[in-house]
Amino acid sequence: MTSLLLHASCVAVNTRAVLILGAAGAGKSALALQLMAFGAELVADDQTQITAQDQQLVATCPPALSGMIEARGVGLLHAPPCASATLQLVVDLDQTETARLSPHRITTLLGVSLPLVLGAQTPHFPASVLCYLKGARLG
């Protein structure tokens, strides 16, 4: 098994996970918290372990960080952790989507290709990511 530790946050809906990438201060934890407010479960905040298994990527949290998420201006919060989840989507907050209907993008981690969505400064972005996890993108 091949694995990778990333500076990233991760939440899941029914074990379908989104990996949230971005530089320090980009809003990874904030997006994770918004998704959790909509019902997603915390997999990992700040550091996410990715393991390739049978052409899928499984996300877990390093044990020392399990069940914790940082809320800027509030502090560390406890959240019941989801032990592991299969990645379905990657969000890159270091890049901003400018197209109204973005093209299909792909990123590859550990030899596995996943859909990639760039960050969007719109009020509906967290809800859109949640809908993506619950279903899939059309067209």
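Not measured: the values here are computed from a predicted model.

### Some points on the overall build of the protein
Move 1: Of the regular secondary structure elements, the protein holds two helices and eleven strands.
Move 2: Across the protein, helices and strands are ordered from the amino to the carboxyl terminus as β-β-β-α-β-β-β-β-β-β-β-β-α.
Move 3: The C-alpha atoms of the protein give 14 Å as radius of gyration, which agrees with the globular expectation for 139 residues (14 Å, within 12%).
Move 4: A total of 139 residues make up the protein; the buried ones form 42% of that total.
Move 5: Sequence-distant contacts in the protein: of pairs separated by 6 or more residues, those separated by 24 or more amount to 67%.

### Side note on the nonpolar core
Move 1: Counting residues in each nonpolar core, the largest one holds 22 residues, and the members touching the most others are C10, L19, V43, I50, L57 and L87.
Move 2: Secondary-structure elements contributing two or more residues to this core are β2 (8-13), β3 (16-21), β4 (41-44), β5 (48-53), β6 (56-60), β9 (85-96) and β11 (112-119).
Move 3: The leading source of residues in this core is β11, at four residues.
Move 4: The residues touching L87, leaving out its near neighbours within four places in the chain, are C10, A17, V18, L19, I50, L57, A59 and L114.
Move 5: If you look at the next biggest cluster of nonpolar residues, it comprises 20 residues, including V18, I20, L31 and L89.

### Things to note about the pairing of β6
Within a regular strand, the side chains alternate between the two sheet faces.
Move 1: With five bridges connecting them, β5 and β6 associate as antiparallel partners. The partner of Q53 across the bridge, within β6, is Q56.

### A word on helix α2 (residues 125-134)
Move 1: Among the residues making up α2, those that are buried are F125, P126, V129, L130, Y132 and L133. All buried residues of α2 project into a common sector of 155 degrees when viewed along the axis, lining one side. Away from its buried face by more than 90 degrees, α2 exposes C131 and K134.
Move 2: Among the structural elements, β2, β3, α1 (28-37), β9 and β11 are those in contact with the buried residues of α2.

### Let's talk about the side chain of T86
Move 1: Looking at where T86 falls in the secondary structure, it is placed in strand β9.
Move 2: What makes T86 buried here is its relative accessible area of 19%.
Move 3: Residue contacts for T86: discarding those within four places in its chain leaves T15, R16, A17, Q56, L57 and V58.

### Topic: the UniProt feature "domain: HPr kinase/phosphorylase C-terminal" (unreviewed entry) in the protein
Move 1: Summarizing the sequence annotation, UniProt attributes the feature "domain: HPr kinase/phosphorylase C-terminal" (unreviewed entry) to residues 5-78 in the numbering used throughout.
Move 2: Counted over residues 5-78, helix gives 14% and strand 50%. Its end C-alpha atoms are 22 Å apart.

### Some details on the pattern of salt bridges
Two side chains with opposite charge may pair up if their charged atoms get near one another.
Move 1: Taken as a whole, this structure holds one salt bridge when the rule is applied.
Move 2: Here R105 makes a salt bridge to E97, at a shortest N to O gap of 2.4 Å.
Move 3: Judged by its relative accessible area of 25%, R105 falls in the partly exposed class.

### Side note on the packing of α1 against α2
Move 1: Contact pair α1 / α2: the axes reach a minimum separation of 9 Å and the direction vectors enclose 65 degrees. Viewed along their axes, α1 and α2 adopt a mutual orientation that is roughly perpendicular. When you trace α1 past α2, the crossing you get is right-handed. The segment α1 lies against α2, with L31, Q34 and L35 engaging F125, P126, V129 and L130.
Move 2: Within the contact of α1 with α2, the residues separate by chemical class into six nonpolar, one polar and no charged.

The rules behind the values
Residues numbered from 1 in each chain as written. Predicted model: local features only at pLDDT ≥ 70, side-chain atom pairs only at ≥ 80, totals over all residues. Heavy atoms only, no water. Helix = DSSP H or I, 4+ residues; strand = E, 2+ residues; numbered from the N terminus. Rg over C-alpha atoms; globule rule 2.2 N^0.38 Å. Buried < 20%, exposed > 50% of the residue type's maximum accessible area, 1.4 Å probe, protein only. Contact = heavy atoms within 4.5 Å. Core = buried A, V, L, I, M, F, W, Y, C linked by side-chain atoms within 4.5 Å. Pairing = 2+ DSSP bridges. Arc of directions from axis to C-beta. UniProt positions renumbered as here; feature names shortened; annotations may be inferred. Salt bridge = Lys/Arg side-chain N within 4 Å of Asp/Glu carboxyl O. Axes fitted to C-alpha atoms, helices over the stretch in contact; angles between N-to-C directions. Parallel < 35°, antiparallel > 145°, perpendicular 65-115°, else oblique. Left-handed = near helix turned anticlockwise from the far one by under 90°. Nonpolar A, V, L, I, M, F, W, Y, C, P; charged D, E, K, R; others polar.

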